[in-house]
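Chain residues, written in single-letter form:
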Amino acid sequence: AQRVTQPEKLLSVFKGAPVELKCNYSYSGSPELFWYVQYSRQRLQLLLRHISRESIKGFTADLNKGETSFHLKKPFAQEEDSAMYYCALTGNTDKLIFGTGTRLQVFP
Amino acid sequence: EPEVTQTPSHQVTQMGQEVILRCVPISNHLYFYWYRQILGQKVEFLVSFYNNEISEKSEIFDDQFSVERPDGSNFTLKIRSTKLEDSAMYFCASIWLAGDPSSTGELFFGEGSRLTVL
């Protein structure tokens, strides 16, 4: 079964502190992993995907198949990073399976 | 920039009433989806739609639910007889071409329709 686990409901940090939002997945094949973000009063939007190996807004995420993890990291958090972050995967179909989300609060 | 649009933004209905939520996907997209999010819970897949038919549906998507693409632009979700537990935010999403690595997983979401069943 496909499953995405985000153990933290809320992560609070001060501006400039490092951030790591945890994501673990369960899938028997080779999944595609994504991070979606939802800023206050805005729609869900793609932040980054593992196949592109890019850094977006200073965020990176590395797929670790051994640990079945896809943690999202940023070395220095900014106030504008405050949002809901959802880890998601697709397997052999095109539907996205979402985790429960982590709310990131960055305090000034 | 093209966007997925959804109407209404909020609908309040009585239990047992029929509800239709409307979506206009991005015009050159081929796959369409409905997701829902019950307050405080995760975003859950309901159904995907391609080539004028359902390609996949979840356990949530029972006989009370149906989807339709009545014309070239709209994509609707109908709930035949609403229940209290149908209260949620319903998101429509679309994607250009499944299987294309450059677009895989990048669903474009609408802002959602909040359904409140009393």
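Higher on the page you've got the structure.
Residues numbered from 1 in each chain as written. Chains lettered and ligands numbered in written order. Predicted model: local features only at pLDDT ≥ 70, side-chain atom pairs only at ≥ 80, totals over all residues. Heavy atoms only, no water.

Colleague: Account for the overall build of chain B, naming residues and giving values.
Modeller: Tallying secondary structure elements over chain B gives 0 helices and 11 strands in all. Going residue by residue from the N terminus, the α and β elements of chain B occur as β-β-β-β-β-β-β-β-β-β-β. Relative to its length of 118 residues, chain B is compact, with a C-alpha radius of gyration of 14 Å against a globular reference of 13 Å. Across its three principal directions, the C-alpha atoms of chain B cover 40 × 25 × 25 Å. In chain B, 54% of the contacts between residues at least 6 apart in sequence involve partners at least 24 apart. A total accessible area of about 5,900 Å² is found for chain B, and carbon and sulfur atoms account for 48% of it. (Helix = DSSP H or I, 4+ residues; strand = E, 2+ residues; numbered from the N terminus. Rg over C-alpha atoms; globule rule 2.2 N^0.38 Å. Contact = heavy atoms within 4.5 Å. Areas by Shrake-Rupley, 256 points an atom, 1.4 Å probe, with all protein chains shown as cover.)

Colleague: Could you give an account of the interface of chain B and chain A, naming the residues involved and the relevant values?
Modeller: Counting residues at the interface gives 23 residues for chain B and 18 residues for chain A. For the pair chain B and chain A, the summed buried area comes to about 1,800 Å², and 52% of that belongs to carbon and sulfur atoms. Applying the counting criterion to the chain B and chain A interface returns 4 salt bridges. Between Lys95 of chain A and Glu56 of chain B there is a salt bridge whose closest N-O contact spans 2.9 Å. Taken together, the connections running from chain B to chain A amount to 8 residue pairs in polar contact (both at pLDDT 80 or more). Taken together, the elements giving at least two residues each to the side of chain B that touches chain A come down to β4 (31-37) and β5 (43-50) of chain B. For the side of chain B that touches chain A, the element with the highest residue contribution is β4 of chain B, accounting for 4 residues. Broken down by class, the residue content of the side of chain B that touches chain A amounts to 11 nonpolar, 7 polar and 5 charged. (Buried area = accessible area lost by both parts, 1.4 Å probe. Salt bridge = Lys/Arg side-chain N within 4 Å of Asp/Glu carboxyl O. Polar contact = N/O pair within 3.5 Å; in protein donor to acceptor, adjacent residues only side chain to side chain. Nonpolar A, V, L, I, M, F, W, Y, C, P; charged D, E, K, R; others polar.)

Colleague: How would you explain the sheet that holds strand β8 (residues 72-74) of chain A if you had to name every residue and give the values?
Modeller: Paired through backbone hydrogen bonds, the strands of a sheet run either parallel or antiparallel to each other. Residue and element names in this part refer to chain A. Spatially, the 3 strands line up as an open sheet ordered β3-β8-β7, and their pairing is antiparallel. Among the strands making up the open sheet, the edge pair consists of β3 (19-21) and β7 (60-61). For β7 and β8, the ladder comprises 2 bridges, and the chain directions are antiparallel. The residue of β8 that forms the bridge with Thr60 is Lys73. (Pairing = 2+ DSSP bridges.)

Colleague: Please give an account of the packing of aromatic side chains that cites residues and values.
Modeller: Taken as a whole, this structure holds 17 aromatic pairs over all chains when the rule is applied. Taking the centre distance of 5.6 Å and the plane angle of 85° together, the rings of Phe98 of chain A and Tyr35 of chain B count as edge-to-face. Taken together, the residues span two chains, with Phe98 of chain A in strand β10 (residues 97-98) and Tyr35 of chain B in strand β4. This pair shows no difference in class: Phe98 of chain A is buried, exactly as Tyr35 of chain B is. The interplanar angle of 25° and the centroid separation of 6.4 Å between the aromatic rings of Tyr31 of chain B and Tyr33 of chain B together place this pair among those described as stacked. For Tyr33 of chain B, a relative accessible area of 1% translates into the label buried. The structure contains a cluster of three or more aromatic residues connected by ring pairs, namely Tyr36, Tyr86 and Phe98 of chain A together with Tyr31, Tyr33, Tyr35, Phe45, Tyr50, Phe91 and Phe109 of chain B. (Phe/Tyr/Trp six-rings, centres within 6.5 Å; stacked < 30°, edge-to-face > 60°. Buried < 20%, exposed > 50% of the residue type's maximum accessible area, 1.4 Å probe, protein only.)

Colleague: Run through the nonpolar core, naming residues and quoting values.
Modeller: Counting 26 residues, the largest nonpolar core has Trp35, Leu47, Leu48, Phe70, Leu72 and Tyr85 of chain A as its most contacted members. Among the elements that take part in this core, strand β9 (residues 83-90) of chain A stands out by supplying 4 residues, more than any other. The residues touching Tyr85 of chain A, leaving out its near neighbours within four places in the chain, are Gln6, Leu21, Trp35, Tyr36, Val37, Leu47, Phe59, Leu72, Gly101, Thr102 and Leu104 of chain A. Membership of the second largest hydrophobic core comes to 22 residues, among which are Leu21, Cys23, Phe61 and Tyr90 of chain B. (Core = buried A, V, L, I, M, F, W, Y, C linked by side-chain atoms within 4.5 Å.)

Remember, this is a structural readout, not a statement about activity or role.
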